[in-house]
Amino acid sequence: MRKFKSKKKIYQPDPKFKETLVTRFVNHLMKNGKKTLAYKIFYKSIDEIEKKKENKKKSGIEIWKKALKNVMPHVEVRSRRIGGSNIQIPTPIKPYVKVTKAMKLLINCARKRNEKSMSKKLAEETLSASKKEGTAFKKRETIHKIAEANKAFSHFRF
């Protein structure tokens, strides 16, 4: 067999919301193995979302899930060398990888914001992403635009 199939990691549900998606997000948010700190940051940001939300019917976790869905890219471009030149080839992304890319995009864009604490940064980025605004959503849009521009090379898929 040429390529090794990686095993899907099984995540334990988080203590507060009992969801595995939250645990995955916290694992990406965590630095230097400080998981309890990452959980505190995440739960504080959900509380911030609860305070600042416009739609009173939705909970903070639902807004966070909507933000993740809005930031999720559906295609990506991969470089491939063909005939002496590098060509960007748009390829669809598997569902598991889509979620991971969305989480990383949301966290990285939140880290670059100017608010005081990480929980506030994450809350603001999540709120803006749920409204289809913010840097994370813009980055996703640029990824899709690049893929659309290179649609002509899609027959070169690996």
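Fair warning: this is a prediction, and the values are worked out from it, not measured in the lab.

1. Some points on the packing of helix α1 (residues 20-29) against helix α4 (residues 95-111)
Point 1. Their axes nearest at 10 Å, the elements α1 and α4 cross at an angle of 50 degrees. With respect to α4, the element α1 is oriented oblique. The handedness of the crossing between α1 and α4 comes out as right-handed. Facing α1, whose interface residues are L21, R24, F25, H28 and L29, α4 presents Y96, V99, T100, M103, K104, L106, I107 and R111.

2. A short note on helix α3 (residues 60-71)
Point 1. End to end, α3 covers 17 Å across twelve residues, agreeing with the expected 16 Å (1.5 Å per residue, within 8%).
Point 2. Against α1, α2 (35-52), α4, α5 (118-130) and α6 (134-149) lie the buried residues of α3.

3. Quick word on the side chain of S45
Point 1. Position of S45 among the secondary structure elements: in helix α2.
Point 2. Since its relative accessible area comes to 2%, S45 is described here as buried.
Point 3. Of the polar contacts made by the side chain of S45, one reaches the backbone oxygen of F42; its length is 2.6 Å.
Point 4. Contacts of S45, omitting those with residues within four sequence positions, involve S119, L122 and A123.

4. Describing the layout of surface pockets
Point 1. Volume-wise, the second largest pocket comes out at about 190 Å³.
Point 2. Along its surface, the second largest pocket is lined by K52, K53, E54, N55, K58, I63, K66, L127, S130 and K131.
Point 3. For the lining of the second largest pocket, the secondary structure elements donating two or more residues are α3 and α5.

5. Some thoughts on the packing of aromatic side chains
Point 1. Under the criterion given, the structure shown has six aromatic pairs.
Point 2. Plain terms: the ring middles of F42 and W64 are 5.2 Å apart, the flat faces sit at 80 degrees to each other, and that makes the pair edge-to-face. With F42 in helix α2 and W64 in helix α3, this pair connects stretches of sequence that are 22 residues apart. Here F42 matches W64 in class, with each residue buried.

Parameters and conventions
- Residues numbered from 1 in each chain as written.
- Predicted model: local features only at pLDDT ≥ 70, side-chain atom pairs only at ≥ 80, totals over all residues.
- Heavy atoms only, no water.
- Axes fitted to C-alpha atoms, helices over the stretch in contact; angles between N-to-C directions.
- Helix = DSSP H or I, 4+ residues; strand = E, 2+ residues; numbered from the N terminus.
- Parallel < 35°, antiparallel > 145°, perpendicular 65-115°, else oblique.
- Left-handed = near helix turned anticlockwise from the far one by under 90°.
- Contact = heavy atoms within 4.5 Å.
- Expected span 1.5 Å × (residues − 1).
- Buried < 20%, exposed > 50% of the residue type's maximum accessible area, 1.4 Å probe, protein only.
- Polar contact = N/O pair within 3.5 Å; in protein donor to acceptor, adjacent residues only side chain to side chain.
- 1 Å grid on protein atoms, 1.4 Å probe; cavity = no way out; pocket = protein on both sides within 12 Å on 5 of 7 lines; lining within 4 Å.
- Points joined across faces, edges and corners; volume = space filled by probe spheres on them.
- Phe/Tyr/Trp six-rings, centres within 6.5 Å; stacked < 30°, edge-to-face > 60°.

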